[in-house]
Amino acid sequence: MFNKFSIFNFQFSIIIIALSAIMIACSSDDSDDSGDDPAVPAQRTVIAFFDGNNNLSSELREDIVEMENGSKSLSSTTNLIIFANIRGDSAYVAEVVNGKKKKVRMWPKNFISTNPDNMLSVMQWIVEKYPAYEYGIIFGGHGTGSMVNIDEKNDTIPTTLHPAYAYGWDYNNNSTQTPRWWITSQTLATVISHLPHMKFIFFDCCLMQDINVACQLRKYTDYLIAPVCETPAKGAPYESIVPILSTSDPEEMCDKLLTIYRNNSSICISALRSYAVDNLQLTATRALGEIHANLEANSDVISYDNVIYYYRDNPSDPTSPPALYDLKSFLYEQNKKGNLCDATYQAFLDALGQCVFSSRMATQWVQNSNIRFTDFSVTDDNYGALSITRKAIEE
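Note that the structure is predicted; figures quoted are calculated from it, not measured.

**A word on the pattern of salt bridges**
Then comes step 1: Applying the stated criterion to the full structure yields nine salt bridges.
Then comes step 2: The salt bridge partner of Glu-333 is Lys-336, with a shortest N-O separation of 3.9 Å. Of this pair, Glu-333 and Lys-336 both sit in helix 9 (residues 327-337), three residues apart, which is roughly one turn of that helix.
Then comes step 3: Among the ionic pairs, Lys-337 bridges to Glu-333, the shortest N-O distance being 3.8 Å. With a gap of four residues between them, Lys-337 and Glu-333 both fall in helix 9, about one helical turn apart.
Then comes step 4: Exposure remark for Lys-337: the relative accessible area of 38% places this residue in the partly exposed category.
Then comes step 5: Judged by relative accessible area, which is 5%, Glu-333 ranks as buried.
Then comes step 6: Salt bridges sharing common partners tie together Glu-333, Lys-336 and Lys-337.

Set out below in structure tokens:
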């Protein structure tokens, strides 16, 4: 026989059990919907996007080891997150902290990292998982600046009709190394436009500091860092570069990066301010228009004598005509020849100085095919650390 007290106890126990069940259910729902608590934003997240599904696979593996070593001296305020698609391996994202790499997501071996949808999904996932007040991207792999045309290589957007300003390449673990999947800089810009605005983009790739590439990317990053010439396969010395990636002043970081890279390799490399690209493009266009008008008036043709160049149409043929020139060097020679007036040239120099705020130069460098350029001199007077194609000059 129950008394009032026992009935009360029984009812109270039922209420406690019911409340506990509700709390457990709520807790389970929260876990399923949101996972872990949102991460506290870092000051900066740096994404190293390494496309090594090609003949740079060994070098990019070494670069990752260098990054691990460099991370021992990286400030805890900075996230270093690597995406790597290395030939023979599954693509993965890894966080690198205090000398250790921890893989946090994997993709199958047939993952094409230069496909824009794939690239965007990877980067959006990283941004969501590693929030920060600032973001930067390092691209490792092959680069061609404005050199590759759609007709010559397979692009990830095959219907694009414009010249391909390319980054890549990814051949999807095909032993024949074909097709080679590139991504154009205009497509790359579209990908980056869906991400938070970048503090910097660093191309550790050949030939990417090109005025056309800069125009494509200028809206989506504050600073663009890239070599003007071809780079050694080993790439940047990341063990020394990674510790400076947390430098609060981005221009100081850029300057340090250029010094470290140039001290390690004989390359031409520069950093530019994106906000100044439009004015530089305007003054360069005016200068080229004046040159063409004067040449036409004098029934003359463009001379490229003594102009610094970075690439040939056929890189294995030393008699092949150059295809990629230093923009300042070309205008410098035209000014000397009288085809460009002092005022127009000075306006260009002023715009160039505002845009390209830091650069390092080499007096000689070696092309991929081991052809060393020796038919011009590189000096402070004629070196601008920004390239332009012959096609763009002559259009």
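Next, the rest of the story.
**Things to note about the confidence of the model for the protein**
Then comes step 1: On average, residues of the protein carry a pLDDT of 85, and 81% of them reach 70 or more.
Then comes step 2: Note that pLDDT drops below 50 for residues 1-38; the model gives that stretch two contacts with residues more than four away or on any other chain.
Then comes step 3: When the criterion is pLDDT under 50, residues 157-164 qualifies, and its contacts beyond four places in sequence or with other chains add up to 19 contacts.

**What to know about the packing of aromatic side chains**
Then comes step 1: Within this structure, the stated rule accounts for 16 aromatic pairs.
Then comes step 2: On the numbers, 5.6 Å between centres and 35° between planes, the contact of Tyr-304 with Phe-330 is tilted. Of this pair, Tyr-304 sits in the loop between helix 8 (277-297) and strand 13 (309-312) while Phe-330 sits in helix 9, placing them 26 residues apart in sequence. With respect to burial, Tyr-304 and Phe-330 carry one shared label: buried.

**Describing helix 10 (residues 342-355)**
Then comes step 1: Taking 1.5 Å of rise per residue, 14 residues should cover 20 Å, and helix 10 covers 20 Å from first to last C-alpha, within 8% of that figure.
Then comes step 2: Those residues of helix 10 that sit buried are Thr-344, Tyr-345, Phe-348, Ala-351, Leu-352 and Cys-355. Down the axis of helix 10, the sector holding all buried residues measures 125°, keeping them to one side. Of the exposed residues in helix 10, the ones pointing more than 90 degrees away from its buried face are Asp-342 and Ala-343.

**Structural notes on the sheet that holds strand 12 (residues 269-273)**
Then comes step 1: Taken together, the nine strands give an open sheet; going across it, the order is 4-3-2-1-5-10-11-12-15, and neighbouring strands pair in mixed fashion. The open sheet is flanked by strand 4 (100-106) and strand 15 (356-360), the only strands paired with a single partner. Across the sheet, the axes of successive neighbouring strands diverge by a mean angle of 15°, strand direction being ignored.
Then comes step 2: Here four bridges tie strand 12 to strand 15, and the two strands are oriented antiparallel to one another. Looking at strand 15, one finds that Ile-269 is bridged to Arg-360.
Then comes step 3: Along the sheet face, helix 2 (residues 57-70) touches strand 1 (42-52), strand 2 (78-86), strand 3 (92-97), strand 4 and strand 5 (132-140) and points at about 160° away from the line of strand 1.
Then comes step 4: Sitting on the sheet, helix 10 touches strand 12 and strand 15, and the angle it makes with strand 15 is about 80°.

The rules we used
Residues numbered from 1 in each chain as written. Predicted model: local features only at pLDDT ≥ 70, side-chain atom pairs only at ≥ 80, totals over all residues. Heavy atoms only, no water. Salt bridge = Lys/Arg side-chain N within 4 Å of Asp/Glu carboxyl O. Helix = DSSP H or I, 4+ residues; strand = E, 2+ residues; numbered from the N terminus. Buried < 20%, exposed > 50% of the residue type's maximum accessible area, 1.4 Å probe, protein only. pLDDT = per-residue confidence, 0-100. Contact = heavy atoms within 4.5 Å. Phe/Tyr/Trp six-rings, centres within 6.5 Å; stacked < 30°, edge-to-face > 60°. Expected span 1.5 Å × (residues − 1). Arc of directions from axis to C-beta. Pairing = 2+ DSSP bridges. Axes fitted to C-alpha atoms, helices over the stretch in contact; angles between N-to-C directions.

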